[in-house]
Amino acid sequence: MSAVTVFGICAATMVGLGLYGLITNPQPLRKIIAFNLMGSGVFLLFGIIGRRGAAAGMGNDPVPQALVITGVVVAFSATALAIALLLRLSQTTGSTTLKTGVQPSAASDPPGG
Amino acid sequence: MSVATAFEIVLAAVVLGLGIWTTAVRETYSATVGFVAYGLLVALVWVRLDAVDVALTEAAIGGGLGGVLLLGAAARLRNTELVLTEAPGKATQVAAAVLAALTGAALAGAVLLLPDPAPTLAPTVVEHAWATGMTNPVTNVLMAFRAMDTMLEKVVLLLAIVGVWSLATDGAWGGHPGPRHRADPHGVLVFLARLLPPVGIVVGIYILWTGANHPGGAFQGGAILASMWLLTIMAGLTDTPPVSSRRWRLVLVAGPGLFLVVGLAGLWLGAAFLAYPPAQAKPLILGIEVAMILTIAVTLGLLIAGAPERSVK
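Since we're looking at a predicted model, the values are computed, not measured.

Calculation rules
Residues numbered from 1 in each chain as written. Chains lettered and ligands numbered in written order. Predicted model: local features only at pLDDT ≥ 70, side-chain atom pairs only at ≥ 80, totals over all residues. Heavy atoms only, no water. Helix = DSSP H or I, 4+ residues; strand = E, 2+ residues; numbered from the N terminus. Buried < 20%, exposed > 50% of the residue type's maximum accessible area, 1.4 Å probe, protein only. Areas by Shrake-Rupley, 256 points an atom, 1.4 Å probe, with all protein chains shown as cover. Lys, Arg positive; Asp, Glu negative; His and termini not counted. Charge placed at Lys NZ, Arg CZ, Asp CG, Glu CD. Contact = heavy atoms within 4.5 Å. Buried area = accessible area lost by both parts, 1.4 Å probe. Salt bridge = Lys/Arg side-chain N within 4 Å of Asp/Glu carboxyl O. Polar contact = N/O pair within 3.5 Å; in protein donor to acceptor, adjacent residues only side chain to side chain. Nonpolar A, V, L, I, M, F, W, Y, C, P; charged D, E, K, R; others polar. Domains from an automatic or database assignment. Axes fitted to C-alpha atoms, helices over the stretch in contact; angles between N-to-C directions. Parallel < 35°, antiparallel > 145°, perpendicular 65-115°, else oblique. 1 Å grid on protein atoms, 1.4 Å probe; cavity = no way out; pocket = protein on both sides within 12 Å on 5 of 7 lines; lining within 4 Å. Points joined across faces, edges and corners; volume = space filled by probe spheres on them. pLDDT = per-residue confidence, 0-100.

A. How the structure looks around the overall build of chain B. When helices and strands are counted, chain B shows twelve helices and two strands. Sequence-ordered secondary structure for chain B, helices as α and strands as β, is α-α-α-α-α-α-α-α-β-α-α-α-α-β. On the principal axes, the C-alpha backbone points of chain B span a range of 65 × 60 × 40 Å. Out of the 313 residues in chain B, the part that is buried amounts to 48%. Split by element, the accessible area of chain B, about 14900 Å² in all, is 71% carbon and sulfur. Computed over 16 positive and 16 negative side-chain charges, the separation of the two mean positions in chain B equals 12 Å.

Structure (structure tokens):
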């Protein structure tokens, strides 16, 4: 078994795990973590493709590597935005539920804020 | 089975175990800690895949700064999570499990059945390395051959900052992001926040500089600088800057701004948008990288600090 096989199966499982967590975990923060888990699996799959494309004295194709580096940074900024939204939601409504029709608790925030 | 293969199997098993634990554990705080450990071990997987540049990024941003972000959020949301009892029904759970298993199996099958020989762009990258004068192929791809991606990614970082800032309440607009941290002035945190930044700043700049020819670059160096800045903020030695400050906003746009200017100059003087003249390629790229490391460090730090919460007094 080569590194490609071992880590390839690992990465595919991580995508599946992340998807499961994203659907079944009710807390938004857990959904964000699960989504990151899924993203990390996708990045790893990309790394596997790059590893298979090892050539010209390089152990890993540099083009997928560069794209993954860009992807990691974008994933981080999306996570930061999601968490800022979540913190604002909990600040405004006093809870982090994603269910519709939940009344916000008494004005914890000035109107229009 | 060789030692290397055995190590890889154990590493994959531990990574998987952490992934399962992160998904299944009851407490959100534990899940966060699991995810941080997962991020650091995934960096090791990247090393085994011979992608050291990605490993550095994953460890610094995925494990390190991402961990700070998630742990901070988990700590602030601790009280609100207790009241939640809205787990989905059994049917949803089974359906989700089936869907996840099918997705995972399809991807695993795709990985095992990939065509041989695999397509690769590595020889093309090596062939054109002369055009930039740098020998790190990943930096060449990031800063020259696919410079458009990197520039747009800087714009994404800017948009994320705009998004986070726009969540401020009316009263706090233009103020300092996040809470004002206080720590025991004789405690370990303050001691480390005085001791580590000089070392960390040198390491961050070194990683930027060495990125031209060895693994490293502006992303990894910027993440290290950001973590040093955050350390002093969390120890209460410095405060986050007010978001209305023009000087700080200038730093935020410096990276993508300079990138855009050089790109447009390429359109005017050279062959195409973002085409560097080969003779000046290396100084131009290094100049962009210096502006970028500052922008990345400040953006990452401010993204973690969050929305403005305290108005300027």
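B. Structural detail: the interface of chain B and chain A. Taken together, the contact pairs 92 residues of chain B with 79 residues of chain A. Carbon and sulfur atoms make up 78% of the surface buried where chain B meets chain A, a total of about 7200 Å² over both sides. Counting across the interface, chain B meets chain A through one salt bridge. Taking the shortest distance from any N to any O, the salt bridge between Asp50 of chain B and Arg51 of chain A comes out at 3.5 Å. Joining chain B to chain A, the criterion identifies twelve residue pairs in polar contact (both at pLDDT 80 or more). Residue contributions to the side of chain B that touches chain A peak at 14 residues, all from helix H3 (residues 52-76) of chain B. Broken down by class, the residue content of the side of chain B that touches chain A amounts to 59 nonpolar, 18 polar and 15 charged.

C. The domain arrangement of chain B, seen in detail. Residues and elements named next belong to chain B. Under the domain assignment used here, chain B contains domain 1 (1-86) and domain 2 (121-313). Between the C-alpha centres of domain 1 and domain 2 there is a distance of 24 Å. Contacts between the two partners involve ten residues from domain 1 and, on the opposite side, 17 residues from domain 2. For the domain 1 and domain 2 pair, buried surface summed over both sides reaches about 1000 Å², with 73% attributable to carbon and sulfur atoms. Joining domain 1 to domain 2, the criterion identifies one salt bridge. A salt bridge links Arg76 to Glu309, with the shortest nitrogen-to-oxygen separation between them at 2.9 Å. One can count five residue pairs in polar contact (both at pLDDT 80 or more) joining domain 1 with domain 2. Tallied by class, residues from the side of domain 1 that touches domain 2 come to seven nonpolar, one polar and two charged.

D. Spotlight on the packing of helix H2 (residues 28-52) of chain A against helix H3 (residues 62-93) of chain A. Residue and element names in this part refer to chain A. Running from N to C, H2 and H3 point in directions that differ by 175°, and their axes come no closer than 10 Å. The orientation of H2 with respect to H3, classified from their angle, is roughly antiparallel. Contacts between H2 and H3 pair Pro28, Leu29, Ile32, Asn36, Phe43, Phe46 and Gly50 from the former with Pro64, Leu67, Val68, Gly71, Val72, Ala75, Thr79, Ala82, Ile83 and Leu86 from the latter. Tallied by class, residues from the contact of H2 with H3 come to 13 nonpolar, four polar and no charged.

E. Structural view of empty space enclosed by the protein. Residue and element names in this part refer to chain B. Within this structure, the stated rule accounts for one cavity of 30 Å³ or more. If you add up the space inside the largest cavity, you get close to 50 Å³. Thr139, Leu142, Met143, Gly216, Gly217, Ala218, Phe219, Gln220, Glu289 and Met292 are the residues that line the largest cavity. Looking at the lining of the largest cavity, the elements that each hand over two or more residues are helix H7 (137-145), helix H10 (218-234) and helix H12 (281-305). In terms of residue class, the lining of the largest cavity is built from five nonpolar, four polar and one charged.

F. Region of interest: the confidence of the model for chain A. Scored by pLDDT, chain A comes out at a mean of 82, with 87% of its residues at no less than 70. Note that residues 105-113 of chain A has pLDDT below 50 and, in this model, eleven contacts with residues that lie over four places away or in other chains.

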